[in-house]
Amino acid sequence: MPSRRLTVSVAALLLAGSLAACGTGDPEVSVTAGTPAASAPAAGAELDAAGFAAALKRPGTTVVDVRTPQEYAQGHLPGAVNIDVSSPDFVQQVQALDPSAAYAVYCRSGNRSAAALQTMNQLGFTAAYHLGGGITAWTDAGGEVVTG
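What counts and how
- Residues numbered from 1 in each chain as written.
- Predicted model: local features only at pLDDT ≥ 70, side-chain atom pairs only at ≥ 80, totals over all residues.
- Heavy atoms only, no water.
- Buried < 20%, exposed > 50% of the residue type's maximum accessible area, 1.4 Å probe, protein only.
- Helix = DSSP H or I, 4+ residues; strand = E, 2+ residues; numbered from the N terminus.
- Pairing = 2+ DSSP bridges.
- Right-handed = clockwise from strand over helix to strand, strands pointing away.
- Contact = heavy atoms within 4.5 Å.
- Axes fitted to C-alpha atoms, helices over the stretch in contact; angles between N-to-C directions.
- Core = buried A, V, L, I, M, F, W, Y, C linked by side-chain atoms within 4.5 Å.

Chemist: What is the right way to read the pairing of strand 4 (residues 102-106) from this model?
Modeler: Side-chain positions along a regular strand alternate between the two faces of the sheet. Counting buried positions along strand 4 yields four of five residues, so the element is predominantly enclosed. The pairing of strand 2 (residues 61-65) with strand 4 spans five bridges and is parallel. Bridging across to strand 4, Thr61 finds its partner in Ala102. Where strand 4 lies against strand 5 (residues 127-131), four bridges are found, and the strand directions are parallel. What sits directly across from Ala104, in strand 5, is Tyr129. Traced from strand 4 through helix 5 (residues 111-122) to strand 5, the parallel crossover comes out right-handed.

Structure representation (structure tokens):
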């Protein structure tokens, strides 16, 4: 009987711990919380969620969501600007940006952001990188999103 109580107690503690952690997210996978990266990522780099979060906190970084406006409205990283990579005027929109500034680019899964990054690199952008696994990896790691 004592071993059954111990098993039930351990199970209750594990459940309470996982419920307490639910929704809190990883403070290192946040647009605002956590520590900025000590150095800028290499141009064209693919970063995991934690690395992306640290890099986008560097001063002067613009977060760019390259999904459709509908996807963006359903949930995006706080402060992100939406430049749809599938839009016919994507290149013109990107050409209006400062190619020497830092850009943290993401999409849903990492495929469109990789394509957008390739275009940006061809246009002479020197400090753009993207989120491997996209916003899916971001939310799976506990990163926050906003809607609207």
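Here the narrative resumes, following the displayed structure.
Chemist: Can you walk me through the sheet that holds strand 4 in this structure?
Modeler: Whenever strands of a sheet pair, they do so through backbone hydrogen bonds, lying parallel or antiparallel. The strand order 1-5-4-2-3 describes an open sheet built from five strands, whose pairing is parallel. What marks the edges here is a single partner per strand, and that holds for strand 1 (46-47) and strand 3 (81-82). Both strand 1 and strand 5 contribute to a ladder of two bridges, which runs parallel. If you follow Glu46 over to strand 5, its bridge partner there is His130. Sitting on the sheet, helix 2 (residues 49-56) touches strand 1, strand 2, strand 4 and strand 5, and the angle it makes with strand 5 is about 145 degrees. Each of strand 4 and strand 5 is contacted by helix 5, which is oriented at about 170 degrees to strand 5, the strand it contacts most.

Chemist: Where do I start with the nonpolar core in this structure?
Modeler: The nonpolar side chains of soluble globular proteins are, as a tendency, buried together. In terms of nonpolar packing, the biggest core is built from 19 residues, with Phe52, Leu56, Val63, Leu77, Tyr106, Tyr129 and Trp138 touching the most fellow members. For this core, the secondary structure elements donating two or more residues are helix 2, strand 4, strand 5 and helix 6 (134-140). Setting aside residues no more than four positions away along its own chain, Tyr106 makes contact with Phe52, Val63, Val64, Asp65, Val66, Arg67, His76, Leu77, Ala80, Ser113, Leu131 and Ile135. Core analysis: the next-biggest nonpolar cluster, separate from the first, contains 15 residues, Ala101, Ala116, Leu117 and Met120 among them.

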